Amino acid sequence: MNGDTPRPGPAKTAAVRSRWLSGIRFSGFSLIMMGVLVLGVVVLAPTVAAFAQQRQEIAEMRAAVSEQEEDVQRLGDERERWNDETFIVTQARERLYYVMPGEVSYLVIDDRSEAAMPDAATEVSAEVTESKGDWMRTLLDSVMTAGLAPDSSAPADPEVPADPAASTAPTAGGSGG
């Protein structure tokens, strides 16, 4: 034997099923109890679903309240910082570029392109590196560029002559007198 039991045929299965069903006896009490059970499931199923949904909403609202309490705490801490005069002075210096009387402030404007800017995520090395740039050439180029720049005090209107003697010279078709 290989452990396989032969399956009964369809006629034998039907006979077993009919014997089993004929053995079930329904009394009046069992019919009433099954009716009450079905009625209970029909009545309680929507109530249980509503209960589960309400529990989920309560959990979401508790999470929202917790988040709002954290915001209130953060804003309270920030309000306390604004009561400190040192913090106010620091904010005025950093945000509004205010200086105390007698101090000189220098604002350096970085005119490099985004590609030329160093990446903030790049780590700073403690090693000393030597640059092979030609600083003398860079200085000379800077001086030449500044020297050859157009004069900012020159008039912007092209009709106004820069030389007053050129405006009093007689023209070719004019009546000289």
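Some thoughts on helix 3 (residues 85-96)
Here's step 1: If you check helix 3, its first and last C-alpha atoms are 16 Å apart, about what twelve residues at 1.5 Å a residue would give, namely 16 Å.
Here's step 2: If you check which residues of helix 3 are buried, you get F87, Q91 and A92. Relative to the axis of helix 3, the buried residues are bounded by an arc of 135° and lie together on one face. Exposed side of helix 3, more than 90 degrees from the buried face: E85 and T86 are the residues found there.
Here's step 3: Where helix 3 is buried, its residues touch helix 2 (28-82).
Here's step 4: Positive backbone phi, at 60°, marks Y97, one or two positions downstream of helix 3.

Let's talk about the pattern of salt bridges
One side chain can pair with another of opposite charge once the charged atoms of both are near each other.
Here's step 1: According to the stated counting rule, one finds three salt bridges in the structure shown.
Here's step 2: Of the charged contacts in the structure, one is a salt bridge between R74 and D71, with a shortest N-O distance of 4.0 Å. Of this pair, R74 and D71 both sit in helix 2, three residues apart, which is roughly one turn of the helix.
Here's step 3: Relative accessible area serves as the criterion here: at 46%, R74 is assigned to the partly exposed category.
Here's step 4: Where E80 meets R79, a salt bridge forms, and the shortest distance between an N and an O atom there is 3.9 Å.
Here's step 5: Take E80: its relative accessible area is 46%, and that puts it in the partly exposed class.

Some remarks on a nonpolar patch on the surface
Here's step 1: A surface patch of nonpolar side chains, amounting to about 650 Å² of accessible area, comprises W20, L21, I24, F26, L31 and M34.
Here's step 2: Here W20 is to be found in helix 1 (residues 10-23).

Brief notes about the packing of aromatic side chains
Here's step 1: Inspection of every chain in the model, using the stated rule, returns one aromatic pair.
Here's step 2: Pairing W82 with F87 gives two aromatic rings, centres 5.0 Å apart and planes at 85°, and the pair type is edge-to-face.
Here's step 3: The exposure class of W82 is partly exposed, given its relative accessible area of 33%.

Some words on the side chain of Q91
Here's step 1: With respect to the helices and strands, Q91 occurs in helix 3.
Here's step 2: By relative accessible area, which is 12% here, Q91 ends up buried.
Here's step 3: The contacts of Q91, once residues within four sequence positions are left out, are W82 and L96.

Here's the deal with unusual backbone geometry
Here's step 1: In this model, Y97 sits at a positive phi of 60°, which is unusual for a non-glycine residue.
Here's step 2: Tracing the chain through its elements places Y97 in the loop between helix 3 and helix 4 (135-147).

Some thoughts on the confidence of the model for the chain
Here's step 1: When the pLDDT values of the chain are averaged, the result is 80; 80% of them are 70 or greater.
Here's step 2: Confidence, read as mean pLDDT per element, is least for helix 5 (residues 164-167) in the chain (50) and greatest for helix 2 (93).
Here's step 3: Below pLDDT 50 for its whole length, residues 172-177 participates in zero contacts with residues either more than four positions away or in separate chains.

Rules used throughout
- Position labels on residues start from 1 in each chain and follow its written sequence.
- Local features in this predicted model are restricted to residues of pLDDT 70 or higher, and side-chain atom pairs are both shown and tallied only at a pLDDT of 80 or more, whereas totals for entire chains, interfaces and linings draw on every residue.
- Note that the side-chain values use all heavy atoms of the structure and ignore hydrogens as well as water.
- By definition, any uninterrupted DSSP run of H or I lasting at least four residues is a helix, any uninterrupted run of E lasting at least two residues is a strand, and each is numbered from the N terminus.
- Any helix carries an expected span of 1.5 Å times its number of residues minus one.
- Residue burial is assigned from relative accessible area. The probe radius is 1.4 Å, only protein chains are included, and a residue is buried under 20% of its type maximum, exposed over 50%, and partly exposed in between.
- Arc definition: it is the arc formed by the directions from the helix axis to the C-beta atoms.
- By the convention used here, residues are in contact when the closest approach between their heavy atoms is within 4.5 Å.
- Throughout this description, the term salt bridge denotes a Lys or Arg side-chain nitrogen within 4 Å of a carboxyl oxygen of Asp or Glu.
- Patches here are clusters of residues that have more than 30% relative accessible area and form no salt bridge, with a 9 Å joining cutoff for like charges and a 5 Å cutoff for nonpolar side chains (Val, Leu, Ile, Met, Phe, Trp, Tyr).
- Only the protein chains shown count as cover for residues, with accessible areas throughout obtained via the Shrake-Rupley method and a probe of 1.4 Å.
- Aromatic pairing here means that ring centres of Phe, Tyr or Trp (its six-membered ring) are within 6.5 Å. Orientation follows from the plane angle: under 30 degrees is stacked, over 60 is edge-to-face, and everything else is tilted.
- Per-residue confidence from the predictor is reported as pLDDT, which spans 0 to 100.

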